[in-house]
Amino acid sequence: MSTPLSIVLPVYNAEATLGDQVQDLFDLVADLTQQFEILVVDDASTDATEETAYDLICRYSQVRVVRHGRRLGTSEAIQTGLKLSEGEAVFVHKEHEPLKPHDLQRYLAAREQPPAVYAPVEDDPRAVA
């Protein structure tokens, strides 16, 4: 069975903030669903982010970590997270953007709605070229 929700967290040199970020995500997500994963993508940090991330794996079974061997940038870290996430829904949370509780709630609520389908706009057949 797949995980209903994956949260991709691309980070770089986040040693000082990673633990709090993950704890904040746990506090928020635990109220919404019990089945989720947090995928930390370390973009070749030069501080102790890697060690901090692996400490989080020991504390939380929902945390997974992948590390780039060299710095590729945030976009590539996000792409790595999207490729490796196991969730039916994937939410990307950039490390320097504050996550407000209603952001994730709105995202999950929107997934419950059927997709809107719009017909393509056709050229007006009466228009003269």
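For the structure, see preceding data.
This structure is a prediction, so every number in the text was calculated from the model and none was measured.

Visitor: Give a detailed account of the packing of helix α1 (residues 18–29) against helix α2 (residues 49–59), specifying residues and quantitative values.
Guide: If you want to describe how two helices pack, look at the angle between their axes and the distance between the axes. Close contact between α1 and α2 brings their axes to 10 Å; oriented N to C, the two are set at 35 degrees. Seen along the crossing, α1 lies across α2 with a hand that is right-handed. Here α1 contributes L18, G19, V22 and Q23 to the contact with α2, which in turn contributes T49, T52, A53, L56 and R59. Residues of the contact of α1 with α2, tallied by class, amount to 4 nonpolar, 4 polar and 1 charged.

Visitor: Tell me about the sheet that holds strand β1 (residues 3–11), and name the residues and values.
Guide: Reading across from one edge, β3-β2-β1-β4 is the order of the 4 strands in this open sheet, with parallel pairing throughout. Each end of this open sheet is capped by a strand with a single partner; those strands are β3 (63–67) and β4 (87–92). Strand-to-strand twist across the sheet, computed as the mean angle between neighbouring axes with direction ignored, equals 25 degrees. Examined bridge by bridge, β1 and strand β2 (residues 36–42) share 7 bridges and lie parallel to one another. From the neighbouring strand, L9 faces β2, where its bridge partner is V40. Sheet strands in contact with α1 are β1, β2 and β3, and its direction is about 155 degrees off that of β1. Here helix α3 (residues 74–84) sits on the sheet in contact with β1, β2, β3 and β4, set at roughly 160 degrees to β1.

Visitor: Give me the lowdown on the pairing of β3, citing residues and values where you can.
Guide: Pairing of β2 with β3 involves 5 bridges; the strand directions are parallel. Among the inter-strand pairings, V40 is bridged to a residue of β3, identified as V65. In the classification by handedness, the crossover that spans β2, the intervening α2 and the parallel β3 is right-handed.

Visitor: Help me get a handle on the pattern of salt bridges, residues and values and all.
Guide: The full count for this structure, using the stated rule, is 5 salt bridges. The partner of E37 in a salt bridge is R64, with the nearest N and O atoms 2.6 Å apart. In this pair, E37 is assigned in strand β2 and R64 in strand β3, connecting sequence segments 27 residues apart. Classification of E37 as buried rests on a relative accessible area of 4%.

Quick notes on the rules
Residues numbered from 1 in each chain as written. Predicted model: local features only at pLDDT ≥ 70, side-chain atom pairs only at ≥ 80, totals over all residues. Heavy atoms only, no water. Axes fitted to C-alpha atoms, helices over the stretch in contact; angles between N-to-C directions. Helix = DSSP H or I, 4+ residues; strand = E, 2+ residues; numbered from the N terminus. Left-handed = near helix turned anticlockwise from the far one by under 90°. Contact = heavy atoms within 4.5 Å. Nonpolar A, V, L, I, M, F, W, Y, C, P; charged D, E, K, R; others polar. Pairing = 2+ DSSP bridges. Right-handed = clockwise from strand over helix to strand, strands pointing away. Salt bridge = Lys/Arg side-chain N within 4 Å of Asp/Glu carboxyl O. Buried < 20%, exposed > 50% of the residue type's maximum accessible area, 1.4 Å probe, protein only.

That's the geometry; what it means functionally is another story.
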